[in-house]
Structures are given as structure tokens and as C-alpha cells.
Amino acid sequence: MRVRSLTTAVLTAAGCVVLAAPALAVPAQQAPPLVTQHDPGHRDAGSEPWVAAWTTAPQGVYPFGYAVGQPGPLGEVVPGVEQPLLEHAFPDEQAQDQTMRMVVHPGIGGDAWRVELSNRFGTQPVTFGRATAALQQSGATVVPGTEQQLTFDGSPSVTLQPGEEVRSDAVPMELSDADAQRSNVAVSLHVRGASGPMTWHAASFTTSYVTDPGAGDHTGDLTDEAFPHSTTSWFYLTGLEVQREDAGTVVALGDSITDGFFSTLNGNDRWPDVLQRRLLAEDDEDVLSVVNQGIAGNMVTRTGRLPGGCTPCDGPPAVDRLDEDVLGQPGLRAVVLLEGINDLGGGGATAAEVIAGMAEIADRVHAAGIPVVGATLTPSGGAEDGLANYGTPETDAQRRAVNDFIRTSGVFDAVVDFAAATEDPADPSRLLPAYDTNTSVGGPGDHLHPNRAGFLAMGGAFDLAELRELAASAAPRAMAAG
């Protein structure tokens, strides 16, 4: 990946699988090697540092990924694999001279903002002819008077080469932390010409909007007439950052249980969202922004899926995406790691392999001067059908061994015990029954993903004073990043 961090403009006024898929006849997707053209921690003398207010992890190219609530029919991606396809918005699986209005929820507020765009997995250049940011009113309609033209080193358009990412110039938008929690930001991107393979995050649990192919530039539209298509995925947009001195970033690194599977659509009730609300409720002078870098199906290690699994759907493993998705975040002060159940249940990895991967991640985070919190793995006993290997006693025994390591090894600076918060006391290999329903699309649970009630329990398991103390201990070099 190449990172292009452009000059700040002068101001004028924010898993696991649902169903296992058959094996693919294509190789797992890998991001290009990191070539940093500009230190992401750089800031001009006298300016305030940048902090991540919202993020998502790019995981591959559309349509690989476990999309939830996607309003398209199932279609064949490769032989033997079906996913929901946006066949009316993207009939040939790419954007064609059309506008995407991506809706995101910032965790904290501020006065100056910038966005990050990514072509990390693209195979050809993609040009954004125009881009805007505004507060969402409802649907694809934005609040009049809040729209801001985005520029990139002063230009209204930008072309990203394959593997390249870019940050926009700063724009003004005044939001208090309380207002941010009540608001969504709509970032509109006009894709000029044909995009080629689109870098995306499959499962957003948030509704965004797309024009018809060939509709052209509608980034400046205030209303939603030109946006007939909806999607529960994010395309190209990977970050929303805010400039402020009194805040720092906490990254939640995980799989589908962090990504939000079985949380409510548009409810912002994933466990990182719950943690964010708890932190803001304390009204502390030092603000922590909790951002979500979960990818459904993601693994700690490079084990890959057992036969019949969809390895490209899982995104690059945590050991491979750590630098880009975590250590590259501005204002980083702490990391929470919740991964490993996919390695055990989906990949057949041993506890020892997962533990080695976790230790590597902790060592690399510590080398950057950042504390890391280990989160124990939640139970998956009883999982069936495509998740059957997650539900075996053997997998549960491996999970318990990993959790013993997290709790007792001393590798982590602190532990949040998600297992204790979600296990059924009558059978600790299983989720508490109240947490085992699907609050994303309704119906019974899959015995793997906690629901909204489970996420409330997980977000409530943090010792906030301990987390704040850890964040305050981050190396000054790291805290100044952005």
C-alpha cells in the first residue's frame, strides 16, 4: 500500500462467518506491500494533531466478503460461491460514472475534518472527479448548509493508483462530542469513468446510497432523488479524521464480533460503539475515540480456511494488516485485540498457533510505544451447519487454552474478559441464551455471534479507568501521530 498524505488546506470557516462458503478457485487477496511516501504522524509546527473519529478496514474487492442486510439477490461470485450482489447499482461489479454517498457515524466531534480514501485492492487507477462531506438528514438527503467540497492538495479531483490511499485536505465542520453521537456524516464520491475492482468493506451495518450507473456527478445534491440504490457496505472510504489536541485513538482490532454481526442495522450498537458511549458519558478532559477495524471472518494467523471456506472473504490476517489498519491510525493510544475464534473454528489452527500470532501482534504494538488490551474469546459451542467446526468440544478446549494465555501470560497490558461477560453459567461453552439471537435481520442466533444485548455486556466489561490510564501511558511519539 502507498499512502499519500496531502497538504492541509487553509480553513475557511468514524469475524466470523455467517455461512461457510465452498472453496474458491482463486488465491487469497493480499494488499500490495507498504510503501510509505509520507510519515502519517507528521504535522506542521503549531498545528493540532489528528485523531481517527471513524474507520473501517478495507478487506478486498467487491463482492468478496460476508455482507449482511445487502439488498441484492444472491448471485454467483465464482463457481460454488454465492453472495448478495448489487446487480442494479453495479451490474458488472464496478462503478461506472456514478456517485456513492457513504454514511458513517463519528465517535467524537471537532471543528476540522478530513477523509481517507483507499484503492488498496484495486488493479487499475480509480479517479474521484469530485467529493463532498455533509451531515446526513435522513436517507441520502443531507442537511442544507453543512455540505463541504473536499479537495486533495487543493484539487477537487484525485486519482488513486492500485494500492494507494490518500487523505483529503481539511474542511471545517463544527460538531461537539454530544452532537457527533447524534449525527452521521455523508461522504459523496463521484467515480469518473470505470472504477475497475472496487476496494470495499463488506459488512457496514449502516445504510449508504448509490446512483444509477452512468448518472454522473451528484455529490452536490442535497436530496436523495438521484440515489435509488442502497447498500450495507462501504466502498473506497476508510477513514474520517478530526483535528484536536485533547483526544486520542483506541483501535478495536477484530473479526465479525467486532465488525458488528448480529447488531442492529443503523443502530451503532457494536461493542466498540457501546464502549465509546461509556467513555463520553464520563466527560473526561482527555477524550478517547474508539474506532472499529474489525473484518468479518478475519484471522490472527495465515492459517486460511478449512476446505469449503472462503479465504478471500476474510480479508488479510491481522498479522499482515496490523501496520496499515492499526499502527497507521493517527493519534493512536491503545489497541484492543479480539481475534482467534476464526483461526480455531474456521481454519483448524491450534491454540499454540493463535497464541504465537497474538504474541507477535502484542510485540509489534508495544514496539510502537502503544499498550494493548487482550480480549478473551467468546464461546461458540453448539454452532452447526456451515459453522459446525466452531461448535465442537475440541474447538472449545482450544478457545479455553487461548483465553488462559490472554488472562495469565502477562503479554497484554490489560485484559477485558468478554468470555466471562457472555458465557452461559450453565454451560460455559455456549453463549448465554439471551445473547444468542440475531438482532441484525431477526431470527435465532447461530451460537457464535452475540447479539445487541451481548454487545452491551461486552462494552460494559471494560474498566474505563484502567483503559484511560493505559492510553495516557502511550509513548509521546505515538500520541502525537496524525
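Above: the structure in question.
In this report, we go over the structure that sits alongside the text. Just so it is clear, the model here is predicted, and its values are computed rather than measured.

### Side note on the overall build of the protein chain
Scanning the protein chain from N- to C-terminus turns up eleven helices and 27 strands. Scored against the burial criterion, the 482 residues of the protein chain give a buried share of 61%. Of the accessible surface of the protein chain, which amounts to about 16400 Å², a share of 52% is contributed by carbon and sulfur atoms.

### A closer look at the packing of helix H4 (residues 318-327) against helix H6 (residues 351-367)
Two numbers describe how H4 lies on H6: the axes approach to 10 Å, and their chain directions differ by 30°. Judged by the inter-axis angle, H4 sits roughly parallel to H6. Between H4 and H6 lies a crossing of right-handed hand. Between H4 and H6, the contacting residues are Ala318, Val319, Leu322, Asp323 and Leu327 on the first element and Gly357, Glu360, Ile361, Arg364 and Val365 on the second. Split by residue class, the contact of H4 with H6 holds six nonpolar, one polar and three charged.

### As for the nonpolar core
Ranked by size, the top nonpolar core spans 62 residues in total, and within it Phe90, Met100, Leu117, Phe128, Phe235 and Tyr236 carry the most contacts. Looking at this core element by element, the count peaks at five residues for strand S9 (residues 126-138). For this core, the two domains that each supply at least three residues are domain 1 (52-243) and domain 2 (245-476). Counting 52 residues, the second-largest nonpolar core is a separate cluster that includes Leu322, Val402, Val416 and Met458.

### Some thoughts on the environment of Asp221
Within the secondary structure, Asp221 is located in the loop between strand S17 (208-210) and strand S18 (229-231). Taking C-alpha positions, Asp221 is 9.8 Å from Pro144, a pair spaced 77 residues apart along the chain. For Asp221, the residues in contact, after removing those within four places along its chain, are Arg101, Val142, Ala226 and Phe227. Side-chain polar atoms of Asp221 contact the side chain of His218, separated by 2.7 Å.

### Here we look at the sheet that holds strand S16 (residues 199-201)
Spatially, S4-S16-S19 is the arrangement adopted by the three strands of the open sheet, whose pairing is antiparallel. Of all the strands in the sheet, the pair left with one neighbour each is strand S4 (60-61) and strand S19 (234-235). As paired strands, S4 and S16 are joined by two bridges and run antiparallel to one another. Residue pairing for S16: Gly60 is matched across the bridge by Trp200.

### Focus: helix H7 (residues 393-408)
For H7, with 16 residues, the first-to-last C-alpha span of 22 Å sits near the 22 Å given by 1.5 Å per residue. For H7, the complete set of buried residues consists of Thr395, Asp396, Arg399, Val402, Asn403, Phe405 and Ile406. Among the residues trailing H7, Gly410 stands out with phi positive, at a value near 80°.

### Side note on helix H10 (residues 464-472)
Turning to H10, its buried residues are Leu464, Leu467, Arg468, Leu470 and Ala471. Each buried residue of H10 lies within a common arc of 160° when the element is viewed along its axis, so the set occupies one face. With respect to the buried face of H10, the exposed residues turned more than 90 degrees away are Ala465, Glu469 and Ala472. Its side-chain oxygen 3.1 Å from the backbone nitrogen of Ala465, Asp463 forms the N-cap of H10.

### What about the state of the cysteines?
Disulfides are covalent bonds that connect the sulfur atoms of two cysteines. Scanning the entire structure with this criterion turns up one disulfide. Residue Cys310 pairs covalently with Cys313 via a disulfide, S to S 2.0 Å. The disulfide joining Cys310 to Cys313 has a torsion of about 55° about its S-S bond and is therefore right-handed. For the pair Cys310 and Cys313, a shared accessibility class is recorded, and that class is buried.

### Digging into the pairing of strand S3 (residues 50-55)
With respect to burial, S3 is a largely interior element, six of its six residues being buried. Both S3 and strand S20 (residues 237-243) contribute to a ladder of five bridges, which runs antiparallel. Bridge pairing in S20 places Thr55 opposite Gly239.

### Thoughts on the sheet that holds strand S22 (residues 287-294)
With parallel pairing, the five strands of this open sheet are ordered in space as S22-S21-S23-S24-S25. Edge positions in the sheet fall to S22 and strand S25 (414-416), since each has one partner strand and no second. Across the sheet, the mean angle from the axis of one strand to that of its neighbour is 25°, orientation sign disregarded. Bridging between strand S23 (residues 332-338) and strand S24 (residues 372-375) involves three bridges; their strand directions are parallel. Looking at the pairing, Val336 lines up with Val373 of S24.

The rules behind these values
Residues numbered from 1 in each chain as written. Predicted model: local features only at pLDDT ≥ 70, side-chain atom pairs only at ≥ 80, totals over all residues. Heavy atoms only, no water. Helix = DSSP H or I, 4+ residues; strand = E, 2+ residues; numbered from the N terminus. Buried < 20%, exposed > 50% of the residue type's maximum accessible area, 1.4 Å probe, protein only. Areas by Shrake-Rupley, 256 points an atom, 1.4 Å probe, with all protein chains shown as cover. Axes fitted to C-alpha atoms, helices over the stretch in contact; angles between N-to-C directions. Parallel < 35°, antiparallel > 145°, perpendicular 65-115°, else oblique. Left-handed = near helix turned anticlockwise from the far one by under 90°. Contact = heavy atoms within 4.5 Å. Nonpolar A, V, L, I, M, F, W, Y, C, P; charged D, E, K, R; others polar. Core = buried A, V, L, I, M, F, W, Y, C linked by side-chain atoms within 4.5 Å. Domains from an automatic or database assignment. Polar contact = N/O pair within 3.5 Å; in protein donor to acceptor, adjacent residues only side chain to side chain. Pairing = 2+ DSSP bridges. Expected span 1.5 Å × (residues − 1). Arc of directions from axis to C-beta. Disulfide = S-S within 2.5 Å.

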